[in-house]
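Next come the chains, spelled out residue by residue.
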Amino acid sequence: MAPKKKVEEEVVGPWTLGRWSKALKVGLVGMPNVGKSTLYNSLSKSHHSKTANVPFCTIDPSETRAYIDDERFDWLVEKEKPKSEVKAFVTVVDIAGLISGASKGEGLGNAFLSHIQAVDGIIHVMRAFEDDDVIHAEDTVDPVRDINTICNELRIKDKSYMEGKLEMHKKGQSAARTKSPAHLKKWEEERDCMQKIIDWLDSGKDVKNGMDQWTPKDVEYLNDYGLLTAKPTMYAVNMNHRDYCRKKNKFLKPIFDWVQANAPGSAIIPYCGSFEEELQDIETDAEREARLKEDGTTSAMNKMISTAFHMVHLINFFTSGPDEVRAWTIRKGYKAPQAAGCIHTDFEKGFIMAEVMAFKDLKELGSEAEVKAAGKYRQEGKNYEVLDGDVIFFKFNVGKGK
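Owing to the predicted nature of the structure, the values given are computational and were not obtained by experimental measurement. (Residues numbered from 1 in each chain as written. Predicted model: local features only at pLDDT ≥ 70, side-chain atom pairs only at ≥ 80, totals over all residues. Heavy atoms only, no water.)

### Points about the overall build of the protein
And step 1. From N to C terminus, the protein includes 16 helices and 12 strands.
And step 2. Here the contacts in the protein between residues at least 6 apart in sequence split such that 71% fall between residues at least 24 apart.
And step 3. Total accessible area computed for the protein in this model is approximately 20800 Å², and 50% of it derives from carbon and sulfur atoms. (Helix = DSSP H or I, 4+ residues; strand = E, 2+ residues; numbered from the N terminus. Contact = heavy atoms within 4.5 Å. Areas by Shrake-Rupley, 256 points an atom, 1.4 Å probe, with all protein chains shown as cover.)

### Quick look at the confidence of the model for the protein
And step 1. Of all residues in the protein, 85% attain a pLDDT of 70 or more, and the chain-wide mean is 87.
And step 2. Here residues 47–59 is modelled with pLDDT under 50, and outside its nearest four sequence neighbours on either side it reaches 46 contacts, counting other chains as well. (pLDDT = per-residue confidence, 0-100.)

### Brief notes about the pairing of strand S8 (residues 314–320)
And step 1. Across the seven residues of S8, six count as buried, placing the element largely inside the fold.
And step 2. Both S8 and strand S9 (residues 324–331) contribute to a ladder of seven bridges, which runs antiparallel. Pairing of Phe-318 across the sheet is with Ala-327, part of S9.
And step 3. The loop that links S8 with its antiparallel partner S9 comprises three residues. (Buried < 20%, exposed > 50% of the residue type's maximum accessible area, 1.4 Å probe, protein only. Pairing = 2+ DSSP bridges.)

### Quick word on the nonpolar core
If you look at soluble globular proteins, the nonpolar side chains tend to sit buried side by side.
And step 1. Counting residues in hydrophobic clusters, the biggest one holds 56 residues, and the most contacted among them are Leu-39, Leu-43 and Met-304.
And step 2. Broken down by element, this core gets its largest block of residues, six residues, from helix H12 (residues 301–311).
And step 3. Residues within four places of Leu-39 in sequence aside, it is in contact with Leu-28, Val-125, Ala-236, Tyr-271, Met-301 and Met-304.
And step 4. In this structure, Val-207, Leu-222, Tyr-225 and Ala-230 belong to the second largest nonpolar core, which totals 18 residues. (Core = buried A, V, L, I, M, F, W, Y, C linked by side-chain atoms within 4.5 Å.)

### Description of the packing of helix H1 (residues 36–44) against helix H10 (residues 273–281)
And step 1. H10 packs onto H1 with a crossing angle of 30 degrees between their chain directions and a minimal axis gap of 9 Å. Handedness of the crossing formed by H1 with H10: left-handed. Mapping the contact onto sequence places Thr-38, Asn-41 and Ser-42 in H1 and Gly-273, Glu-276, Glu-277 and Gln-280 in H10.
And step 2. A per-class count over the contact of H1 with H10 returns no nonpolar, five polar and two charged. (Axes fitted to C-alpha atoms, helices over the stretch in contact; angles between N-to-C directions. Left-handed = near helix turned anticlockwise from the far one by under 90°. Nonpolar A, V, L, I, M, F, W, Y, C, P; charged D, E, K, R; others polar.)

### Focus on helix H6 (residues 181–202)
And step 1. Taking 1.5 Å per residue, 22 residues should reach 32 Å; H6 reaches 31 Å between its end C-alpha atoms and fits that length.
And step 2. Among the residues of H6, Leu-184, Trp-187, Glu-190, Cys-193, Met-194, Ile-197, Ile-198, Trp-200 and Leu-201 are the ones counted as buried.
And step 3. Taken together, the buried residues of H6 touch helix H4 (143–170), helix H5 (173–179) and helix H7 (216–225).
And step 4. Note on H6: the residue one or two positions beyond its end, Gly-204, has a positive phi of about 85 degrees. (Expected span 1.5 Å × (residues − 1).)

### Examining the packing of aromatic side chains
And step 1. Counting across every chain of the model gives 10 aromatic pairs.
And step 2. Each ring, one from Tyr-221 and one from Tyr-225, has its centre 6.4 Å from the other, and the planes form 10 degrees; the classification is stacked. You can see Tyr-221 and its partner Tyr-225 sitting in helix H7, four residues apart, about one turn around the helix. In terms of burial, Tyr-221 and Tyr-225 fall into one category: buried.
And step 3. Through a chain of ring-to-ring contacts, three or more aromatic side chains come together here, namely Phe-317, Trp-328, Phe-351 and Phe-394.
And step 4. The ring of Phe-129 has Arg-127 sitting right over it, with the charged end atom 4.5 Å from the ring centre.
And step 5. Geometry around Trp-328 places Arg-326 over its ring, the cationic atom sitting 4.1 Å from the centre. (Phe/Tyr/Trp six-rings, centres within 6.5 Å; stacked < 30°, edge-to-face > 60°. Lys NZ or Arg CZ within 6 Å of the ring centre and 35° of its normal.)

This is the structure we're talking about:
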């Protein structure tokens with residue numbers, strides 16, 4: 001008798017939370033007047049998000065594409081000199097300022113929270129500069145107080161939402177019992193998961209910080225619920241120009257300590273909003289580089305865009321040739337047929353195989369022929385999980401795609 005195959009346990013990690021889509025968005029969230037719209041304008045390299053020194057100057061969220069500077073893409077373009085180049089991007093949404101009491105409708109709370117619900121990751125914009133000319137919703141500058149306010153509002157909203165869902169769920173017990181024991185068991189399973197989530201939120205913890213608590217089944221339910229505190233987060237710390245250039249600020253240590261305690265593993269990116277805006281207004285790259293050299297610093301925008309992209313578990317694969325070099329965006333965990341479907345649905349329906357090179361092998365060896373000669377050119381089937389930086393040529397059956 002053949003030995004039984006060992007069943008591998010499904011691993012639950014942060015990447016398992018969230019929508020299983022390639023069309024993911026990140027939202028800029030923070031108190032009023034911390035610099036969200038200024039950051040949004042710099043990320044989009046345009047000035048179409050209204051900026052003003054008043055609370056709630058952004059009400060309806062603005063949306064833009066922030067394009068990613070990627071050395072791998074640039075290398076492929078230099079090699080192929082294609083007729084067309086298509087970079088990867090992440091969609092950024094400018095969401096209006098949250099204030100204490102937003103979960104109860106204070107300010108423009110309910111609308112803002114629904115806007116946060118519609119994004120897949122959160123960039124918390126924190127004000128770490130003092131300026132009498134720029135008013136603060138709480139009168140004084142205290143980024144840790146601000147982030148606590150926002151996180152508390154998101155938890156309160158999630159808890160209220162889950163309590164409402166649990167009440168509705170309880171009404172279905174009799175129907176589940178009548179249908180079958182299997183239906184009742186599933187009903188009980190979801191009820192227990194709901195209570196587990198409510199208890200977790202009640203203890204003052206975000207859903208995303210409980211990955212060691214959630215089972216694969218819990219994660220399925222969590223992804224259906226779309227909770228605000230399940231979304232991955234990063235922290236953009238808006239400093240004045242002097243502090244940004246010298247990389248010192250009295251607020252940085254308290255912010256770092258707070259993130260370590262409340263959102264371990266999340267990225268913290270210091271930047272200067274007014275300086276980034278100035279850089280975008282400089283006409284030529286040469287003049288911009290000269291300004292950065294003069295100040296002895298760098299722009300934080302590329303790092304912020306790249307971090308946001310990977311924060312929501314997006315990766316790139318490339319198609320490369322003389323007609324076009326393109327960075328395709330997919331969700332981490334996509335199999336080869338799903339990735340092919342991003343190019344065209346027929347590619348997924350009629351998928352035969354993916355011919356794959358790792359970018360690092362292509363760069364190191366110099367050409368597809370050399371990669372093949374080194375035995376590093378692979379043919380992968382439908383169960384292959386596409387990796388960040390793969391250079392792929394898909395083969396598919398045209399007849400099956402119709």
